[in-house]
Amino acid sequence: MFAVHLMAFYFTKLKEDQIKKVDRFLYHMRLSDETLLDIMARFQAEMQKGLGKDTNPTASVKMLPTFVRAIPDGSENGEFLSLDLGGSKFRVLKVQVSEEGKRNVQMESQFYPTPNEIIRGNGTELFEYVADCLADFMKTKELMQKKLPLGLTFSFPCKQTKLEEGILLSWTKKFKARGVQGTDVVSSLTNAMKRHQDLDVDILALVNDTVGTMMTCAYDDPYCEVGVIIGTGTNACYMEDMSNIDLVEGDEGRMCVNTEWGAFGDDGALEDIRTEFDRELDLGSLNPGKQLFEKMISGLYLGELVRLILLKMAKAGLLFGGEKSSALHIKGKIETRHVAAMERYKEGLANTREILTDLGLEPSDADCIAVQHVSTIVSFRSANLCAAALAAILTRLRENKKLVRLRTTVGVDGTLYKIHPQYPKRLHKVVRKLVPNCDVRFLLSESGSTKGAAMVTAVASRLQAQRKQIDKVLALFRLTQEQLVGIRNKMRVEFEYGLKKDTHPLATVKMLPTYVCGMPDGTEKGKFLALDLGGTNFRVLLVKIRSGRRSVRMYNKIFAIPLEIMQGTGEELFDHIVQCIADFLDYMGLKGAQLPLGFTFSFPCRQASIDKGTLIEWTKGFKATDCEGEDVVDMLREAIKRRNEFDLDIVAVVNDTVGTMMTCGYEDSNCEVGLIAGTGSNMCYMEEMRNIELVEGDEGKMCINTEWGGFGDNGCLDDIHTQYDKEVDEGSLNPGKQRYEKMTSGMYLGEIVRQILIDLTKQGLLFRGQISERLRTRGIFETKFLSQIESDRLALLQVRRILQQLGLDSTCEDSIVVKEVCGAVSRRAAQLYGAGLAAIVEKRREDQGLEHMRITVGVDGTLYKLHPHFSRILRETVKELAPQCDVMFMLSEDGSGKGAALITAVAKRLQQPQRDH
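The protein appears in an unreviewed UniProt entry as hexokinase from Bos mutus grunniens. Note on the protein: under the UniProt heading Sequence similarities (unreviewed entry), the record states "Belongs to the hexokinase family."

Within the largest apolar cluster, 113 residues are counted, with the highest numbers of intra-cluster contacts made by I230 and W261. Counting residues per element, this core draws most heavily on helix α12 (residues 365-400), which supplies 17 residues. For I230, the contacting residues outside a window of four places in its chain are I297, C386, V412, D413, G414, T415, L416, Y417, Y423 and L427. In terms of nonpolar packing, the next biggest core, distinct from the first, is built from 85 residues, L786, L837, A838 and V841 among them.

Time to look at the sheet that holds strand β3 (residues 89-98). Reading across the sheet, the five strands line up as β4-β3-β2-β5-β8 and stay open at both edges, with mixed pairing between neighbours. Two strands in the sheet have a free side with no partner beyond their single neighbour: β4 (104-113) and β8 (201-207). Averaged over all pairs of adjacent strands, the angle between strand axes in this sheet comes to 20°, irrespective of strand direction. Relative to strand β5 (residues 148-154), strand β2 (residues 78-85) runs parallel, the two sharing five bridges.

Together, K527, K544, R546 and R553 line one region of the surface with positive charge. Within the fold, K527 resides in strand β15 (residues 526-533). Looking at K527, the relative accessible area reads 41%, which means it is partly exposed.

Now for the packing of aromatic side chains. Scanning the entire structure with this criterion turns up 25 aromatic pairs. Arranged with centres 6.1 Å apart and planes meeting at 40°, the rings of F25 and F277 form a pair that is tilted. Taken together, the residues F25 in helix α1 (residues 2-25) and F277 in helix α7 (residues 276-283) connect sequence positions 252 residues apart. Using a relative accessible area of 3% as the deciding quantity, one classes F277 as buried. Put simply, the rings of F599, F601, F603, W618 and F622 touch in pairs and so form one group of aromatic residues. Above the face of the Y223 ring, R407 is positioned so that its terminal group lies 3.8 Å from the ring centre. Across the ring face of Y587, the terminal group of K557 is positioned such that the distance to the ring centre comes to 4.4 Å.

What follows is about the environment of Q804. By secondary structure assignment, the location of Q804 is in helix α25 (residues 796-805). Taking relative accessible area as the criterion, Q804 reaches 48% and is therefore assigned partly exposed. With 138 residues separating them along the chain, Q804 and Y666 place their C-alpha atoms 45 Å apart.

Turning to the pattern of salt bridges, a few remarks are in order. In the structure shown here, the tally under the stated rule is 61 salt bridges. Its salt-bridge partner being R844, residue E688 comes within 3.2 Å of it at the nearest N-O pair. Of the two residues, E688 is situated in strand β23 (residues 681-688) and R844 in helix α26 (residues 812-847); the sequence distance between them amounts to 156 residues. Overlapping salt bridges bring together R492, E496, E687, K843, E846 and D847 as one network.

Moving on, we come to helix α18 (residues 570-588). Taking 1.5 Å of rise per residue, 19 residues should cover 27 Å, and α18 covers 27 Å from first to last C-alpha, within 8% of that figure. In this fold, the buried residues of α18 make contact with β15, β16 (537-546), β17 (551-560), α17 (563-566), β18 (596-601) and α19 (632-643). Backbone geometry just downstream of α18 places G589 in the positive-phi region, at approximately 65°.

Reading the values: the criteria
- Residues numbered from 1 in each chain as written.
- Predicted model: local features only at pLDDT ≥ 70, side-chain atom pairs only at ≥ 80, totals over all residues.
- Heavy atoms only, no water.
- UniProt positions renumbered as here; feature names shortened; annotations may be inferred.
- Core = buried A, V, L, I, M, F, W, Y, C linked by side-chain atoms within 4.5 Å.
- Buried < 20%, exposed > 50% of the residue type's maximum accessible area, 1.4 Å probe, protein only.
- Helix = DSSP H or I, 4+ residues; strand = E, 2+ residues; numbered from the N terminus.
- Contact = heavy atoms within 4.5 Å.
- Pairing = 2+ DSSP bridges.
- Axes fitted to C-alpha atoms, helices over the stretch in contact; angles between N-to-C directions.
- Patch = residues over 30% accessible without salt bridge, like charges linked within 9 Å, V, L, I, M, F, W, Y side chains within 5 Å.
- Areas by Shrake-Rupley, 256 points an atom, 1.4 Å probe, with all protein chains shown as cover.
- Salt bridge = Lys/Arg side-chain N within 4 Å of Asp/Glu carboxyl O.
- Lys, Arg positive; Asp, Glu negative; His and termini not counted.
- Charge placed at Lys NZ, Arg CZ, Asp CG, Glu CD.
- Phe/Tyr/Trp six-rings, centres within 6.5 Å; stacked < 30°, edge-to-face > 60°.
- Lys NZ or Arg CZ within 6 Å of the ring centre and 35° of its normal.
- Expected span 1.5 Å × (residues − 1).

Here's what the structure looks like:
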């Protein structure tokens, strides 16, 4: 028993001594946590350098964009071919991807050898050989009659400007075919395939094996956004935000970046941690000075590092009693599989003895322990370095997403990771230690590089098919120059109909006379009350106008109009309005004063004079009974009488559009058009009296309230009216009415977008085909969301947040599509506005017999003010459709309040001479 203990003690002591000896000898290969954090920081800096346009040319870590923009979403299906070139064998596969609710992939494959004379010979012969193998595979599998998309896994650094091309930057591993560097490998393969007449294959994607690994794992786990290879070579890729990739146009979405991290340190950044053995190995390699990080990590080199260390230790008399065998001097005699075998948990020492004996050495127990420890240090350093670079990528992902904790999956492949007994465990442990704020799952990729290429191809063909369907929908909202000219001309015809006595009753654009016959001239003065009713809020204002200095001071109070009053009886509505006026007069201490009042009433009215307005019909969600066909001024007067507390002099009933024109006209005498682009849509302008057949007299001008929202109600816009417009119209309070307004105004644009999103989701093109309850709710997609989503400053992450508020769990790709849909809808609205406005300014120019005309348009409305692109597109459209008019746009300040007061003031001024007579 004592002997056993003594033996165990002797062995433990021997082990400790040998380990200490090796540790001393390989002191520089042991990396502290501090050093690893430092390497992690250096790699982060290198990534940044590789992503920058100016810094990329000198960066050692190339950060190559792969043009892979999406990971699988599970809806991929079909048959795909995949080629894998880059390892010791060349492989052809047929991959069948089926959705049917369960993610299912079936593969049939064939390996072909890659003889040295092919991979180090002439480039043309290499690709002809690949094409021959592909043709052989397709004949064997009876696929010659099918046209199949193909993905090519090409595991060498390539520069891509699109998914289906790749310019080879440099060969790595053992490949050295001539005449390929600097050329597009996809066109080389395409040309080689032309030799086989019966081969009908479409190369959709060129993929790096690392990207293939990520894609394979992402098919099984949607959280996977990093791919790592630790095999013969080593590399990593991950999904980067487009806004950070200077080398590619566009900021939308994400793209997989192939880091090519094997070259980390080629610029000298790792000199302080490279050892004499690393330098010796590098000098004896095919590419000295290149891929220095890879040479410290990958399976191609670990065995060789161990051999160089053993040789040096033997020379120093620290191993094998100073004896060296001839085999130990031969490069490549120790391979990575040997390193893995030596580190096996139980049989490791026995394996070590066998391996050393095969090398012609006679190892003692002590030698076996020491050699095993050398292997451990070399492979542990590899795992440490890999972990540091991977931690840098994970940190970058977490920061990109602005998260405190990141949950993500890393897809891993490669022989070293797969066959080495301790490697995965060590790597995982160090990564978790370096990035404690990341919850990382490591997923071993099955046949990553090849299945991955098929997955990239499947995603590419899915995106291609989806893109076609999405483009088909968006095309419905694209208006050609020809269509816009047609709309402008139709609008012009409708104007003429509305102005003429005979055609007016049937006209859709009502062209209502407002009896506002003059613009402000600066002599207006006094105190005026203004009421503003036109939306869900109601305002009462006191406006003080001082003459000469053109100064206007305003005091106002806002009151809500509850839904039950908007849709109750007319009497209740006007009683509520008078209650609000009473509150305001109390608040301002004006109960006894009899002030002149202007009433902004933003609904279609037929006026017989400036203070008489008969409501034609309610719009904008109002439905109060017993009002249509009645004079709203009379209804207001009666409500004031019923209350019997104060009296007011109601001078003018005004439309908000006219108020907008007046406000701007007060500042700029060129202003003759008022435009509202907000909840509603309308336009007014100063017309020659001689053209207005509904009003007596030919002298001077009068403002016409076009009420152009009804344009198209006679079917003249049916050619551009989409199914989505029909849905919105049918679900509105007034089906078949206000067609133009429903295609242009803020009240409806969000609803059009919602209808499109529902349709795209039903087609499986958005939100994984899942329609949320919120999205089914009418009116949930407010127009303010369009303005927010289309803002250039908004990252997709924020777009996703807006969509989350709507209960929509969107991917990056979904967000891009939503942004495009919003853009198409608002662009069409701005162009339709532009066509209508061009019709009016052209009319004014012709009426005045001018070759060229300058005119100012007063504008108000949230759409014009808040939408990031609306005003620009509107201005551009007017310029294109009315080139002989120089149109200035002026933002109106408070048209409905200040404008109403100004109209009242002008009316008072014009009444004065009549009274004097």
